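Structure assessment
Listed below are the residues making up each chain.
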Amino acid sequence: MQYLTADQHRIVTEAVSAAESETSGEIVTVLADRSDDYNDIALLWAIAAAFTAMSVVALFPDFFLGEVDWLMGGWTHEWTAGELFGMLTALGLIKFAAVWAIQLWQPLKFWLVPGPVKDARVHAKAVKLFKVGAERRTHGRTGVLIYLSMREHRAEIVADQPIAEKVPAEVWGEAMADMLTEIRQSRLAEGMAAGVRDVGKVLAGQFPRADDDINELPDRLIEV
């Protein structure tokens, strides 16, 4: 899914170029639709729903069989063990399929994912992208990744080791706050640009630009 227009991409790219003009640090920006498909979480919900339904029937069999008899026109029936097991299994399968199916609606699927799971998956994805696209890719190992995951409504800032050793993680809090303030108003490009400017200021203080510095990583925003 494409979230930003060419003009909005330009806003972020220009912010990166301006920030890097004052520092030897390299800033990479990534905008993702999602960090994971969470199919394992959807599967767990479907399994939990199936076992819950089967457990309720096992706890209150008379009520369940009474409902089944009513559906059959009120005729009582002596159920065999095989028939009871078959009905219980069918109920579990139907419940599993129904819960899995409703989670095909993405807003519900993502709403059902616990917050800590989203935090962990977004962080893991940001670190993975950083390792692939920015870590140790610069001469002084001064790369920083600003990562925004839209479906989860979460952002991450990941820095190379030399930067992390000098800049405590909490320092990036201001950049995150400024970025999210704009994003909450549906100003994605402006939010990313605000985060870039704040990160640039931090990097400029710790890693000022040298006269022979060259641009080692792309300035453009990457959408994945």
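Everything below is about the structure printed above this text.
To keep things clear, this report deals only with the structure shown in the data block. Since the structure is predicted, the reported quantities are computational estimates derived from the model, not experimental observations.

**Section: the layout of surface pockets**
- Here the largest pocket is characterised by a volume of approximately 170 Å³.
- For the lining of the largest pocket, the secondary-structure elements that each account for two or more residues are strand E2 (143–149) and helix H8 (173–183).
- Residue classes in the lining of the largest pocket are distributed as five nonpolar, three polar and two charged.

**Quick word on helix H1 (residues 6–20)**
- Relative to the 21 Å expected for 15 residues at 1.5 Å per residue, H1 spans 21 Å between its end C-alpha atoms, a close match to the ideal helical length.
- Looking only at H1, the buried set comprises His9, Val12, Ala15, Val16, Ala19 and Glu20. Angular distribution of buried residues about the axis of H1 spans 125°; they occupy a single face of the element.
- In this structure, the buried residues of H1 make contact with strand E1 (26–32), helix H9 (188–206) and strand E4 (222–223).

**Some points on the packing of aromatic side chains**
- The tally for this structure, following the rule as stated, stands at one aromatic pair.
- Both rings, one in tyrosine 38 and one in phenylalanine 110, keep their centres 5.4 Å apart while their planes meet at 80°; by these two values the pair is edge-to-face. You can see tyrosine 38 sitting in the loop between E1 and helix H2 (39–59) and its partner phenylalanine 110 sitting in helix H5 (residues 106–111), a full 72 residues away along the chain. Comparing tyrosine 38 with phenylalanine 110, the two get one shared label, buried.
- Just above the ring of phenylalanine 110 sits the side chain of arginine 151; from NZ or CZ to the centre is 5.8 Å.
- Lying over the aromatic face of phenylalanine 207, lysine 166 brings its terminal NZ or CZ to 4.9 Å of the ring centre.

**So, the pattern of salt bridges**
- On inspection of all chains with the given rule, the structure shows seven salt bridges.
- Taking the shortest distance from any N to any O, the salt bridge between arginine 121 and aspartate 40 comes out at 2.7 Å. Taken together, the residues span a long stretch of sequence, with arginine 121 in helix H6 (residues 115–133) and aspartate 40 in helix H2 at a distance of 81 residues.
- The structure contains a network of salt bridges with shared partners spanning Asp33, Arg34 and Arg151.

**Digging into the packing of H1 against H9**
- One way to put it is that H1 packs onto H9 with a least axis distance of 9 Å and a crossing angle of 5°. Judged by the inter-axis angle, H1 sits roughly parallel to H9. From H1, Gln8, Ile11, Val12, Ala15, Val16 and Ala19 reach across to H9, where they touch Ala189, Glu190, Met192, Ala193, Val196 and Gly200.
- Residue composition of the contact of H1 with H9, grouped by class: nine nonpolar, two polar and one charged.

Analysis parameters
Per chain, the residues get numbers from 1 upward, laid out in the order the sequence is written. Thresholds applied to this predicted model are a pLDDT of at least 70 for local features of residues and 80 or more for the giving and counting of side-chain atom pairs; totals over whole chains, interfaces and linings are not thresholded and use all residues. Side-chain figures throughout are based on the complete set of non-hydrogen atoms in the structure, without hydrogens or water. Here the term cavity refers to a set of points on a 1 Å grid, laid over the protein atoms alone, in which a 1.4 Å probe fits but cannot get out; the term pocket refers to an open set having protein on both sides within 12 Å along at least five of seven lines, with lining residues being those that place an atom within 4 Å of a point. Grid points are joined across faces, edges and corners, and a volume is the space filled by probe spheres set on the points. Secondary structure follows DSSP: runs of H or I at least 4 residues long count as helices, runs of E at least 2 residues long count as strands, and numbering of each begins at the N terminus. Charged means Asp, Glu, Lys or Arg here, nonpolar means Ala, Val, Leu, Ile, Met, Phe, Trp, Tyr, Cys or Pro, and polar covers whatever is left, Gly included. Every helix has an expected span of 1.5 Å times one less than the residues it contains. Remark: exposure states derive from per-residue accessible area (1.4 Å probe, protein chains only) relative to the maximum for the residue type, with buried under 20%, exposed over 50%, and partly exposed in between. Directions from the helix axis toward the C-beta atoms define the arc. Working rule for contacts: check all heavy atoms of both residues, and any pair within 4.5 Å makes them a contact. Only Phe, Tyr and Trp rings are paired, with Trp represented by its six-membered ring, and only when their centres lie within 6.5 Å; those with planes under 30 degrees apart are stacked, over 60 edge-to-face, the remainder tilted. Two conditions define a charge located above a ring, namely a distance within 6 Å from the ring centre to NZ of Lys or CZ of Arg, and an angle within 35 degrees of the ring normal. Just to be clear on terms, a salt bridge is a Lys or Arg side-chain nitrogen sitting within 4 Å of an Asp or Glu carboxyl oxygen. Between the N-to-C directions of two axes lies an angle of 0 to 180 degrees, each axis being a line fitted to C-alpha atoms and, for a helix, fitted only over the stretch in contact. Our angle categories are set so that under 35 degrees counts as roughly parallel, over 145 as roughly antiparallel, 65 to 115 as roughly perpendicular, and the remainder as oblique.

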